[in-house]
Amino acid sequence: SNPNLDIERVIIEVNIGLDKEVYTEAEKAINLNTPIVLVNKYNYLEKDYVPNNLEKISTNYALSNMKLVKEAREAYEEMAKAANKDKRKLVVMSSYRDYNYQVNLYNRYAKKDGKAKADTYSGRPGFSEHQTGLAVDLYNGKTVYTRFEETKEFAKSDSIITAKEKEQQNKEKENKFIRINSR
């Protein structure tokens, strides 16, 4: 019970599970291999989960060997191409990560900063959106990715999405989206 929240907000938070203890009351993710799979501190993926349709991202827009699921790769490459036309550079520095990679990454962060601090900026193994193949960490080739929010590429990202949405309003295409982690 939080007296600072109105009843509508309480209902929303309960319906999406925010009243549960993170990580300990988590549920197995559903809608696997779809763009609407939800993975976070309340919904997890099994150790052996690997998306069905991983594809390499063009090295024009990513470091080598970066992968996303097909729909996310296509959407990201279109966005990065539009950014390039506007003299902005988007580079994927991290994308799909399997469970074991996330184990090593999270443990390194927890050892360095402590588990509580690591939980603020890294998903625990099985709880990382990167395992879905739908998430990327971006940088502009100059600024470290943890400061991406301070770049012109981030500041103008709304204009990229808006232009893309306007372009597709007159086309009958399925909706595509991409999850971008700036931290």
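The paragraphs below set out a description of the structure included in this document. What you see is a predicted model; the values in this text were computed from it and never measured.

1. Remarks on a nonpolar patch on the surface
On the surface, Ile 12, Ile 16 and Leu 18 cluster together into a nonpolar patch covering about 250 Å² of accessible area. The topology assignment puts Ile 12 in helix H1 (residues 7–15).

2. Here we look at helix H2 (residues 70–85)
Between its terminal C-alpha atoms H2 stretches 23 Å, which fits the 22 Å expected from 16 residues at 1.5 Å a residue. A positive phi of about 60 degrees marks Lys 87, the residue just after H2.

3. A word on the pattern of salt bridges
Going through the model one piece at a time under the given rule, you end up with 9 salt bridges. Residue Lys 70 pairs with Glu 74 through a salt bridge whose shortest N-O separation is 2.7 Å. Highlighted residues: Lys 70 and Glu 74, both in helix H2, separated by 4 residues, approximately one helical turn. Linking Arg 97 and Asp 137 is a salt bridge whose minimum nitrogen-to-oxygen distance equals 3.0 Å. Pair noted here: Arg 97 is in the loop between strand S5 (91–94) and helix H3 (99–113) and Asp 137 is in strand S6 (residues 135–139), with a separation of 40 residues, a long-range link. With respect to class, Arg 97 is no different from Asp 137; both count as buried. What you see here is one network of salt bridges that share partners, running through Glu 55, Lys 70, Arg 73, Glu 74 and Glu 77.

4. Here we look at the nonpolar core
Ranked by size, the top nonpolar core spans 22 residues in total, and within it Ile 57, Tyr 76, Leu 90, Val 92 and Leu 138 carry the most contacts. Breaking this core down by element, the ones donating at least two residues are strand S4 (67–69), H2 and S6. A total of 5 residues in this core trace back to one element, the largest contributor, which is H2. What Leu 90 contacts, discounting residues up to four positions off in sequence, is Tyr 61, Tyr 76, Met 79, Ala 80, Ala 83, Asn 84, Leu 138, Tyr 139, Phe 148 and Glu 153. Grouped together as the second largest cluster of nonpolar side chains are 5 residues, Tyr 106, Tyr 109, Ala 110 and Ala 118 included.

5. Focus on unusual backbone geometry
In this structure, Tyr 23 is a non-glycine residue whose phi angle is positive, near 65 degrees. Within the secondary structure, Tyr 23 sits in the loop between H1 and strand S1 (27–28). Since its relative accessible area comes to 11%, Tyr 23 is described here as buried. Despite not being glycine, Asn 31 shows a phi value in the positive range, around 60 degrees. Position of Asn 31 among the secondary structure elements: in the loop between S1 and strand S2 (43–44). Its relative accessible area of 36% is what places Asn 31 among the partly exposed residues.

What counts as what
Residues numbered from 1 in each chain as written. Predicted model: local features only at pLDDT ≥ 70, side-chain atom pairs only at ≥ 80, totals over all residues. Heavy atoms only, no water. Patch = residues over 30% accessible without salt bridge, like charges linked within 9 Å, V, L, I, M, F, W, Y side chains within 5 Å. Areas by Shrake-Rupley, 256 points an atom, 1.4 Å probe, with all protein chains shown as cover. Salt bridge = Lys/Arg side-chain N within 4 Å of Asp/Glu carboxyl O. Helix = DSSP H or I, 4+ residues; strand = E, 2+ residues; numbered from the N terminus. Expected span 1.5 Å × (residues − 1). Buried < 20%, exposed > 50% of the residue type's maximum accessible area, 1.4 Å probe, protein only. Core = buried A, V, L, I, M, F, W, Y, C linked by side-chain atoms within 4.5 Å. Contact = heavy atoms within 4.5 Å.

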